[in-house]
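# Observations on chain architecture
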Amino acid sequence: MSAPVDVSAALVAKSMAVSRWSAPAALVILAALGFAVPLWLRSSFYLGLANQGLILGVLALAAGFLMHQCRMVIFGVAAFYGAPAYLFAIASLNWSWSPNAAALFAILGTMLASLAMGFAIVRAKPLAFAMLTLAIGQMLRQLVLITGLRPITGGEDGLNIVFNGAFLGLSQSALATPARFWPVAWTVVCAVVLMVFVATRSRFGRILRATRDNEERMRFSGYDTFAPRLAAFALASFIATLGGLLQVLNSSFASPELLDFSLAGNVLVSALIGGGASVVGPIVGGVAFTLGLDQFAASGHLELFTGVAIVIVIAALPDGVEGIVARLARRRGGGDAQN
Amino acid sequence: MLRIEDLCLHYGNLRALDGIDLSLSQSGRIHGIIGPNGAGKSTLMDVISGRRRATSGRVWFRGVDVGARSPAERRRLGISRSFQRTSIFPTLTVIEQLELVAARVGGDDIEKVISALELNRVRNERAETIAYGDQRRVDVALALLGNPRLLLLDEPAAGLSRAETTALFEHVAALVRERDVTAMIVEHDVEAVFGFCDDITVLDLGRLLMTGEPDEVRRDPKVIAAYLGSGA
């Protein structure tokens with residue numbers, strides 16, 4: 001009598017095990033295939049756009065992670081994008097540091113500043129938090145424009161960087177070549193996706209979601225809610241910093257535009273297009289948004305078409321591209337929807 | 001266990017708590033707090049648990065003045081609470097949230113709590129999808145984890161039917177006796193309070209009217225006048 005039940009239970013268990021591993025397996029396959037993109041996308045122009053899309057996707061992943069896990073909207077994401085570019089440029093030009101040392105300095109310097117910033121603002125209520133990040137980003141933009149600092153920051157003109165050596169074996173011209181830069185950007189994308197994937201599925205992720213759901217109950221359950229929020233902010237800052245570093249490695253240029261608040265709009269829209277709740281969605285959103293911007297710019301009505309497209313996409317895809325994928329997967333009896 | 005000395009909480013001219021003195025020394029008992037709306041019942045819970053800071057007075061718990069301690073610290077010391085409005089983690093499953101809280105408060109009693117509060121059939125459901133009565137029990141379960149020494153339940157039966165209320169109070173009473181916990185319950189359901197509580201404190205307009213056993217409280221003229229009415 002018990003045999004059929006056992007077989008059925010075994011099948012269910014096997015199906016659950018397959019389901020549990022399907023998402024990571026798909027990510028690994030996707031990561032491997034991604035390195036081959038330059039083999040079939042031969043156009044330097046479109047590969048260059050795709051590189052920019054990846055960078056925007058990295059920023060969108062950072063913003064989406066904070067938005068979904070902590071309900072914290074970061075309007076000042078440009079601060080983490082522009083700051084490492086300037087630090088890299090200053091270390092390269094003023095101190096003649098090698099690109100590797102300058103990159104490390106850029107990451108550490110930005111992270112130190114973001115921790116100090118996070119310490120001051122993560123306790124704030126969501127709207128106040130969003131506006132504080134915006135204010136800090138704009139303060140940074142004004143800082144680099146101060147006339148007295150022009151010898152260091154380049155003022156309105158920004159800083160053209162000349163590398164003193166190679167970055168991880170890649171010369172400055174190689175990093176400026178889309179096909180050579182792609183593996184660097186893709187490696188960073190894979191790394192940050194893995195980071196967020198692990199973070200959201202770990203106990204840390206559960207603590208963040210519980211704090212987002214009900215911070216008061218967390219405090220009355222013996223939890224300190226400040227440290228996890230600060231850690232989440234630091235992780236998002238770190239990811240966005242890597243995005244800024246990619247940008248400066250690719251363009252060899254740091255300018256006040258990198259610190260402009262309008263970047264936040266592109267980043268948040270990319271996160272919404274891809275689906276801020278997922279790990280891959282924001283990357284897809286970043287690439288799609290960058291390609292879309294290029295097409296709309298060619299039409300001569302960039303803002304108009306961009307606005308219409310954003311409204312249509314968000315109305316039609318409230319959970320982003322990731323939402324469609326998740327629905328299809330559920331229909332086929334596939335993977336778990338991410339929290 | 002718990003000693004409250006001359007506790008006051010004022011909002012301008014409003015005296016939400018006005019010189020409350022109360023002592024709960026015996027464990028394994030349920031202490032009810034009753035009184036009309038605005039009497040200060042939930043405010044008293046809030047001050048004991050650290051949700052609000054008293055204007056003056058002291059709260060001693062197991063010999064420690066906890067007045068300046070955060071809610072998280074009080075929880076780790078053994079003061080636990082549920083809330084008037086259900087306070088759970090909606091997007092986590094029942095078992096996920098119980099595990100999360102148990103990991104912090106050192107509880108290895110999740111299965112016992114699940115079993116005692118009959119939450120097994122919803123253990124893998126997201127809390128936002130389960131019935132209201134189950135959500136109330138999850139709220140109580142979160143408070144019970146980690147073997148707290150003082151359990152504060154703020155209207156645990158709010159919104160529940162008579163049968164659900166009785167069942168919940170029976171579960172709580174059994175757990176309190178079994179674990180030798182002191183429970184303090186604010187509840188408007190007078191029948192449940194008089195049926196399950198060992199002692200009752202009556203508050204009115206922020207002042208303590210009396211403390212005593214249920215029969216004593218039921219017969220007290222001041223309590224009848226202020227809260228129970230002649231039909232009680």
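Use the structure listed above.
All values reported here derive from a predicted model rather than from experimental measurement.

### Description of the overall build of chain A
Secondary structure assignment for chain A yields 16 helices and two strands. Whereas a compact globule of 339 residues would reach a radius of gyration of roughly 20 Å, chain A reaches 21 Å, a difference of no more than 12%. For chain A, the spread of C-alpha atoms along the three principal axes comes to 85 × 55 × 40 Å. Within chain A, buried positions represent 46% of all 339 residues. Of the roughly 15800 Å² of accessible surface on chain A, a fraction of 70% belongs to carbon and sulfur atoms. Averaged over its 21 positive side-chain charges, chain A has a centre that lies 9 Å from the centre of its 14 negative ones.

### Quick look at unusual backbone geometry
A positive phi angle, close to 55°, is found at A:S252, a residue other than glycine. Relative to the helices and strands, A:S252 is located in the loop between α12 (226–251) and β2 (253–254). Notably, B:L205 is not glycine yet its phi reads approximately 50°, a positive angle. In this structure, B:L205 sits in the loop between β9 (199–204) and β10 (207–212). Judged by its relative accessible area of 55%, B:L205 falls in the exposed class.

### Remarks on the interface of chain A and chain B
The interface is formed by 17 residues belonging to chain A together with 27 residues belonging to chain B. Overall, the association of chain A and chain B removes approximately 1900 Å² of surface from exposure, summing both partners, and the carbon and sulfur fraction of that is 54%. For B:R51, the salt bridge goes to A:E216, with nearest N and O atoms at 2.6 Å. Where chain A meets chain B, there are 14 residue pairs in polar contact (both at pLDDT 80 or more). Breaking the side of chain A that touches chain B down by element, the ones donating at least two residues are α10 (203–213) and α11 (215–219) of chain A.

### Examining the sheet that holds strand β3 (residues 30–34) of chain B
All names here are of chain B. Pairing is mixed in the open sheet, where six strands are placed in the order β6-β7-β8-β3-β9-β10. Bordering the open sheet on either side are β6 (79–81) and β10, each of which pairs with just one other strand. Pairs of neighbouring strands in the sheet enclose a mean axial angle of 20°, with direction left out of account. Of the pairings in the sheet, the one linking strand β7 (residues 150–154) to strand β8 (residues 182–186) comprises five bridges and is parallel in character.

### Some words on the packing of helix α9 (residues 178–201) of chain A against α10(A)
Residues and elements named next belong to chain A. Taken N-terminus to C-terminus, the directions of α9 and α10 make an angle of 65°; their axes are 4 Å apart at the nearest point. Comparing the axis directions of α9 and α10 gives the class roughly perpendicular. Residues A199, T200 and R201 of α9 lie in contact with α10, whose contacting residues are R203, F204, G205 and R209. Class assignment of the residues belonging to the contact of α9 with α10 gives a composition of two nonpolar, two polar and three charged.

### A few points about the environment of A:F80
Residues and elements named next belong to chain A. Mapped onto the elements, F80 comes out in helix α4 (residues 77–93). For F80, a relative accessible area of 3% gives the class buried. Aside from chain neighbours lying at most four places away, what touches F80 is I74, T110, S114, M117, F233, S237, A240, T241 and G244.

### Observations concerning the pattern of salt bridges
For the coordinates displayed, the defined rule picks out 21 salt bridges over all chains. A:R217 is the partner of B:D139 in a salt bridge, and the nearest nitrogen-oxygen pair spans 2.2 Å. A residue pair is termed interchain when its members come from two chains, as with B:D139 in helix α5 (residues 132–144) and A:R217 in helix α11. On the basis of relative accessibility, which here comes to 1%, the residue B:D139 falls in the buried class. Here A:R217 falls in the buried class, since its relative accessible area comes to 0%. Across the pair B:R81 and B:D154 runs a salt bridge whose closest N-O atoms are separated by 3.5 Å.

### A short note on the side chain of B:R81
Mapped onto the fold, B:R81 is located in strand β6. Given the relative accessible area of 1%, B:R81 is considered buried. A polar side-chain atom of B:R81 sits 2.7 Å from a polar atom in the side chain of B:D46. Setting aside chain neighbours within four positions, we find B:R81 in contact with A:R217, A:F220, B:M45, B:D46, B:S49, B:R51, B:A143, B:L152 and B:D154.

### Description of the pairing of strand β1 (residues 2–11) of chain B
Residues and elements named next belong to chain B. Where β1 meets strand β2 (residues 14–24), eight bridges bridge the pair, whose relative direction is antiparallel. Bridging across to β2, C8 finds its partner in D18. Hairpin connection between β1 and β2: a loop of two residues separates the two successive antiparallel strands, and G12 in this loop has a positive phi of roughly 65°. Relative to strand β4 (residues 56–61), β1 runs antiparallel, the two being bridged by five bridges. Paired with C8 across the bridge in β4 is S56.

### Some points on a nonpolar patch on the surface
Residue and element names in this part refer to chain A. Together, L304, F305, V308 and I312 give the surface a local cluster of nonpolar side chains, amounting to about 360 Å² of exposed area. Topologically, I312 is positioned in helix α15 (residues 302–316). You can call I312 exposed: its relative accessible area is 52%.

### What to know about the packing of helix α13 (residues 262–274) of chain A against helix α14 (residues 281–299) of chain A
All names here are of chain A. Look at α13 against α14: their axes get within 7 Å of each other, and the N-to-C directions meet at 120°. Where α13 crosses over α14, the two elements pack in a sense that is right-handed. Taken together, the residues of α14 that come into contact with α13 (itself represented by N266, V269, S270, A271, I273 and G274) are G281, P282, G285, G286, F289 and L293. A per-class count over the contact of α13 with α14 returns six nonpolar, six polar and no charged.

### Overview of α5(B)
With 13 residues, α5(B) extends 19 Å between its outermost C-alpha atoms, agreeing within 8% with the 18 Å of an ideal straight helix rising 1.5 Å per residue. Among all positions of α5(B), only B:G133, B:D134, B:Q135, B:R136, B:R137, B:V138, B:D139, B:V140, B:A141, B:L142, B:A143 and B:L144 are buried.

### A word on the sheet that holds β2(B)
Pairing within the open sheet is antiparallel, and its four strands lie in the order β2-β1-β4-β5 (chain B). Each having just a single partner strand, β2 and β5 (64–65) of chain B make up the two edges of the open sheet.

Thresholds applied
- Residues numbered from 1 in each chain as written.
- Chains lettered and ligands numbered in written order.
- Predicted model: local features only at pLDDT ≥ 70, side-chain atom pairs only at ≥ 80, totals over all residues.
- Heavy atoms only, no water.
- Helix = DSSP H or I, 4+ residues; strand = E, 2+ residues; numbered from the N terminus.
- Rg over C-alpha atoms; globule rule 2.2 N^0.38 Å.
- Buried < 20%, exposed > 50% of the residue type's maximum accessible area, 1.4 Å probe, protein only.
- Areas by Shrake-Rupley, 256 points an atom, 1.4 Å probe, with all protein chains shown as cover.
- Lys, Arg positive; Asp, Glu negative; His and termini not counted.
- Charge placed at Lys NZ, Arg CZ, Asp CG, Glu CD.
- Contact = heavy atoms within 4.5 Å.
- Buried area = accessible area lost by both parts, 1.4 Å probe.
- Salt bridge = Lys/Arg side-chain N within 4 Å of Asp/Glu carboxyl O.
- Polar contact = N/O pair within 3.5 Å; in protein donor to acceptor, adjacent residues only side chain to side chain.
- Pairing = 2+ DSSP bridges.
- Axes fitted to C-alpha atoms, helices over the stretch in contact; angles between N-to-C directions.
- Parallel < 35°, antiparallel > 145°, perpendicular 65-115°, else oblique.
- Nonpolar A, V, L, I, M, F, W, Y, C, P; charged D, E, K, R; others polar.
- Patch = residues over 30% accessible without salt bridge, like charges linked within 9 Å, V, L, I, M, F, W, Y side chains within 5 Å.
- Left-handed = near helix turned anticlockwise from the far one by under 90°.
- Expected span 1.5 Å × (residues − 1).

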